Amino acid sequence: MQVIFDIIKNTFTGNNLAILGAAIAVLLPGFGSARAVNSVARATAGLICEEPQKYGKSMLLQALPMTQGIYGMVIAFLIIIFSGITAGEVLTIEQGFYYVFASLPIALGGWYSAIRQGEVAVAGISVLAKQPDAVGKAVISASFVELYAILALLISILLVL
Amino acid sequence: MKKLTVLAHSSDADAIVRRMLHLKCVQIQRSMPEAGELSLERIESDGKQTEIRERMAHIEAAMPRLAKYSTRRGGIGRRVQRLDRAAFVADGRAERAYLAVERTLAVKSRMDEIVAEQTRNEAAMQSLLPWLNYDAPLNEVSSAHTAMQLGSCLVKLYNYEALEAAGAYVEDVSDDGKTQYFSVTYHKEDEEAVTAALDKCAFLKVNFSDISTTAQAAYDELERCQSALAEENSALIETLMDLSESLDDIEVLYDVEGTNLNICLQKQKLYQTQNCIVLAGWLPAAAEERVLGGLSAFECACEISEPEEGDEVPVLLRNNPFSGTFEWVIEMYSYPKYGGFDPTLIMSIFYFLIFGLMFADVGYGLLLVLACFGGVKLLNPKEGLKRMMLMFGYCGISCMIMGVLFGGWFGDLPVAIMNNFFPQFGGQAQNTAVGHFFNNGVFFNPVSSSIPFLFVALGMGEVHLVAGMAVNMVLTWKSGKRIQALCENIPYWVMFAGVDLMAPLAAAGMISSDPLAPQTQALLENLSGIGMYVMFVGIAMILFLKGIGEKTVFAWLIKGLGGLYSLISFASDLLSYSRILALGLVASVIAQVINMLTSLGASGPVGFIFMVIVMILGHGLNLAINLLGTFVHAARLQYIEFFGKFYEDGGEAFKPALPAEEYSEDTSFVLNETNN
């Protein structure tokens, strides 16, 4: 019993919790972005079968939902630097949990907004297929969804700094 | 805008429409003029249009093939040719260019044939390869009493003995380790037994009935054929290289034909009687003389009049060179109603400021300025793209100004460099005077002082909204509703003034927890006290003045309460400007993270190269992400928050009929006009 208790105690250290926070921050928005980029890319594949010359224009729509993954990476990086764990600092469990919670806005906000932005971008691909001149407007519509990832990122930044 | 009606001989129709195209200031309209007793009918499209489209399709097909072999300098940044297209057509260059197009297409189709033939020959040669040792003509397969078959089977299924036993004479020709190629000769009497034995081997028969020579001879013949084809192909490539010298002319021809097509399309908007045509359209008032001058060469009756009520008049925006580049932001939303207020000037100023606040960084601003202004200079883009690039260039200037004010130089790059490369700072460069300036700018850094920056953002929002209301007030005043103009706006401003007076005290508490100097504290408290009264006066003014002009007390009261209720939407509009903080902060924090990543590997030459790569990639990515976000959100603040206060949209943009100028500009009409 004592052994198990020790394992738990040694696992849930403040430093490991901060690492967990960084991991959540980079993983969840990364999942969302990967899924969104995947669906936009598949829609694009259908389009370029017919009209390969539209690939250039579709790239922006494909790239839009990638940003959440980058935002997650930014927070993960800030947690790693500012928690001081790489500099050998020892955090308390409470401090560790602080970083886990601080990573939640971008983790969840980034994950969800990436997928939803991906849906708008997929719709944008069909705009590109039918009305190539209006694709700029489709890009703008998709980038509105991004605002919520930016807000989530902002709060995570303010909490970590 | 003025309305143009031209009545002319049918025979002049093409020439008049061509002249309109080259004037570049007439929008021909499909509108049935008042005909009176004339019987007017539309001009139907004729066979000419199909012919032009066909010629254009030919040119389009020929151009990429010629461009592939052309030795001309690369496409980006090449200036469009300026030449007299009338002379181009008259002196036969156009005809020669089209001949070149047709020759190119003929060469192209011959080259396609050659490729197909080469592939066929290649396949035939492959099928002959195993039979090269076989020295009899390949099509001699049977005689009166004997039959012969050529074919193959898998080596592991090949059974020489069984075939011999069945009465066949088997001759091995070759094997490639997997497949055995052989001939079987047998009496026709033994056919059944031999066939059964062959079936056991899974024999695949080959048929060379069309080859009357030996395999080797046929193979050599094909090889000769292949080299002849290759020679022909290289001769054709040389022909294409020669033809590609007329590529410039072919491009001009494409524009000539494009213009002809435009003329056909515009002509369909005209109406005709037996001998006359009627052209109706719009032109900017300033272009009146030009159009009259352009028409003077023709025998025609022409009238230029003011638009009448009920006309759907197109809208042309006219602004100074700076604001003019922002017109496409308006176009993306919706053009103002004809005769309505053109918000471009005032919007461009706010767009400029808000863009800079959202992306306050000298480094990124400088990149924008260099890329956009440099791009316009070097690449000579078309009008639409040029305006867009100039607009982003101006926005880059705004970013640089705000970057100096709020301390953004690719994030905190100068301080990061000082700390990493100059040990004398001991990692504390931000505390030196220079470091402090780079980090905090003239005012403060949004990253370390986000609350003050929030107040800056909201302050910007308040100015923007009040400007929108001011425009609304002026427009309402001009429309004659002077009392309404004052009562709808001034009460809100009084209230805002009150809130503004109260704000410093609240802000001081939020920004710093240190107590203020007693004198300042007292001053702020006094201001706040006055502000509270002013605010209540404002609220009372909204309640009582908003409904002025209503007939019943009830309606007056309801309108006043509605005015108070609308404060909620004001608050939400104002809070919407907090996105300035969000975008501004995100851009600088990501830049800082990139700088941190950069400094991780900064030791030795490999580290230095790594650092440079990370820096270029990272900052490039950050610029791309934030440029799009900033552009979109700066535009949104105009569309929703600002335009919501006054803008009447719904106009159709003025789109003059234009000649095709994809590759070349026509100077013939410009010269004619100056001569006139």
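Just so it is clear, the model here is predicted, and its values are computed rather than measured.

Draft legend 1. Just the overall build of chain A, in detail. A count of helical and extended segments in chain A gives six helices and zero strands. Secondary structure elements of chain A occur, N-terminal to C-terminal, as α-α-α-α-α-α. A compact globule built from 161 residues should have a C-alpha radius of gyration of about 15 Å, whereas chain A, at 20 Å, is more than 25% larger. Summarising its shape, the C-alpha atoms of chain A cover approximately 65 × 30 × 20 Å along the three principal directions. Contacts in chain A between residues at least 24 apart in sequence constitute 86% of all its contacts with a sequence separation of at least 6.

Draft legend 2. Looking closely at the overall build of chain B. Helices and strands together make up the secondary structure of chain B, namely 23 helices and 14 strands. Against the 2.2 N^0.38 benchmark of 26 Å for 676 residues, chain B shows a C-alpha radius of gyration of 40 Å, more extended than a compact globule. C-alpha extents for chain B along the principal axes are approximately 125 × 90 × 55 Å. Across the 676 residues of chain B, 33% fall into the buried class.

Draft legend 3. Spatial organisation of the sheet that holds strand 7 (residues 179–187) of chain B. Residues and elements named next belong to chain B. The antiparallel open sheet is built from four strands, whose spatial order is 6-7-5-8. The open sheet is flanked by strand 6 (168–175) and strand 8 (204–206), the only strands paired with a single partner. On average, each strand axis in the sheet is inclined to that of its neighbour by 35 degrees, with strand direction left out of account. For strand 6 and strand 7, the ladder comprises seven bridges, and the chain directions are antiparallel. Its bridge partner being in strand 7, A168 is matched across the sheet by Y186. Against the sheet, helix 6 (residues 191–200) contacts strand 5 (146–154), strand 6 and strand 7, and its axis sits at roughly 170 degrees relative to strand 7.

Draft legend 4. Representation of the nonpolar core. Counting residues in hydrophobic clusters, the biggest one holds 112 residues, and the most contacted among them are A25, V74, I75, I79 and L153 of chain A together with I354 and V586 of chain B. For this core, the leading source of residues is helix 21 (residues 578–600) of chain B, giving 12 residues. Excluding residues within four positions of it along the chain, I354 of chain B makes contact with M460, I580, A634 and L637 of chain B. Listed in part, the 25 residues of the second largest apolar core include V17, L21, V26 and I28 of chain B.

Draft legend 5. Local environment of the pairing of strand 11 (residues 300–305) of chain B. Residue and element names in this part refer to chain B. In terms of burial, strand 11 is largely open, as just zero of its six residues are buried. Pairing of strand 1 (residues 2–9) with strand 11 involves six bridges; the strand directions are antiparallel. Looking at strand 11, one finds that V6 is bridged to C302.

Draft legend 6. Geometry of helix 9 (residues 288–295) of chain B. Residue and element names in this part refer to chain B. Among the residues of helix 9, V291, G294 and L295 are the ones counted as buried. All buried residues of helix 9 lie within an arc of 95 degrees about the axis, which places them on one face of the element. Where helix 9 is buried, its residues contact strand 1, helix 1 (13–23), strand 10 (276–283) and strand 11.

Draft legend 7. Representation of the environment of K386 of chain B. All names here are of chain B. Take K386: it is sitting in helix 14 (residues 383–406). Between the alpha carbons of K386 and S398 there is a distance of 19 Å; along the sequence they are 12 residues apart. Beyond its immediate chain neighbours, meaning those up to four positions away, K386 contacts V376 and P381.

Draft legend 8. Layout of the interface of chain B and chain A. The partner chain A presents 16 residues to the 14 residues of chain B that form the contact. Those elements that provide at least two residues to the side of chain B that touches chain A are helix 21 and helix 22 (604–642) of chain B. Residue contributions to the side of chain B that touches chain A peak at nine residues, all from helix 21 of chain B. In the side of chain B that touches chain A, the residues fall into 11 nonpolar, two polar and one charged.

Draft legend 9. Here's a closer look at the environment of I490 of chain B. Residue and element names in this part refer to chain B. You can see I490 is positioned in helix 18 (residues 482–511). The exposure class assigned to I490 is partly exposed, which follows from the 16 C-beta atoms found within 10 Å. Separated by 55 residues in the primary sequence, I490 and L545 have C-alpha atoms spaced 9.5 Å apart.

Draft legend 10. Here's a closer look at the packing of helix 6 (residues 135–160) of chain A against helix 22 of chain B. Between helix 6 of chain A and helix 22 of chain B, whose axes approach to 10 Å, the crossing angle comes to 100 degrees. What the angle tells us is that helix 6 of chain A and helix 22 of chain B run roughly perpendicular. Between helix 6 of chain A, through I140, S143, F144, E146 and I150 of chain A, and helix 22 of chain B, the contact on the second element is made entirely by L628, G629 and V632 of chain B. Of the residues assigned to the contact of helix 6 of chain A with helix 22 of chain B, the class counts are five nonpolar, two polar and one charged.

Draft legend 11. Local environment of the environment of G363 of chain B. As for its placement among the helices and strands, G363 of chain B is situated in helix 13 (residues 362–379). Along the sequence, G363 of chain B and E191 of chain B sit 172 residues apart, while their C-alpha atoms lie 89 Å from each other.

Draft legend 12. Representation of the confidence of the model for chain B within the structure. Residues and elements named next belong to chain B. In this model, chain B carries a mean pLDDT of 87, and residues with pLDDT of at least 70 account for 96%. The least confident element of chain B, judged by mean pLDDT, is helix 23 (residues 668–675) at 54; the most confident is helix 12 (residues 344–358) at 95. Complex prediction metrics read pTM 0.78 and ipTM 0.70.

Draft legend 13. Representation of unusual backbone geometry within the structure. All names here are of chain B. Although it is not a glycine, A202 adopts a positive phi angle of roughly 55 degrees. Along the chain, A202 turns up in the loop between helix 6 and strand 8. On the basis of neighbour count, A202 is assigned to the exposed category, with 11 C-beta atoms found within 10 Å. The phi dihedral of N380 falls on the positive side, at around 50 degrees, and the residue is not glycine. Counting through the fold element by element, N380 comes out in the loop between helix 13 and helix 14. Overall, the presence of 13 C-beta atoms within 10 Å leaves N380 in the partly exposed class.

Draft legend 14. Seen up close, the packing of helix 21 of chain B against helix 22 of chain B. All names here are of chain B. At a minimum axis separation of 9 Å, helix 21 and helix 22 run at an interaxial angle of 175 degrees. Relative to helix 22, the element helix 21 lies roughly antiparallel. From helix 21, R579, L583, A587, I590, A591, I594, L597 and T598 reach across to helix 22, where they touch M611, V614, M615, G618, H619, N622, N626, G629, T630 and H633. Of the residues that constitute the contact of helix 21 with helix 22, the class distribution is nine nonpolar, eight polar and one charged.

Scoring rules and cut-offs
Residues numbered from 1 in each chain as written. Chains lettered and ligands numbered in written order. Predicted model: local features only at pLDDT ≥ 70, side-chain atom pairs only at ≥ 80, totals over all residues. Helix = DSSP H or I, 4+ residues; strand = E, 2+ residues; numbered from the N terminus. Rg over C-alpha atoms; globule rule 2.2 N^0.38 Å. Contact = placed C-beta atoms within 7 Å. Buried ≥ 20, exposed ≤ 12 C-beta atoms within 10 Å, placed from the backbone. Pairing = 2+ DSSP bridges. Axes fitted to C-alpha atoms, helices over the stretch in contact; angles between N-to-C directions. Core = buried A, V, L, I, M, F, W, Y, C linked by C-beta atoms within 7 Å. Arc of directions from axis to C-beta. Nonpolar A, V, L, I, M, F, W, Y, C, P; charged D, E, K, R; others polar. Parallel < 35°, antiparallel > 145°, perpendicular 65-115°, else oblique. pLDDT = per-residue confidence, 0-100.

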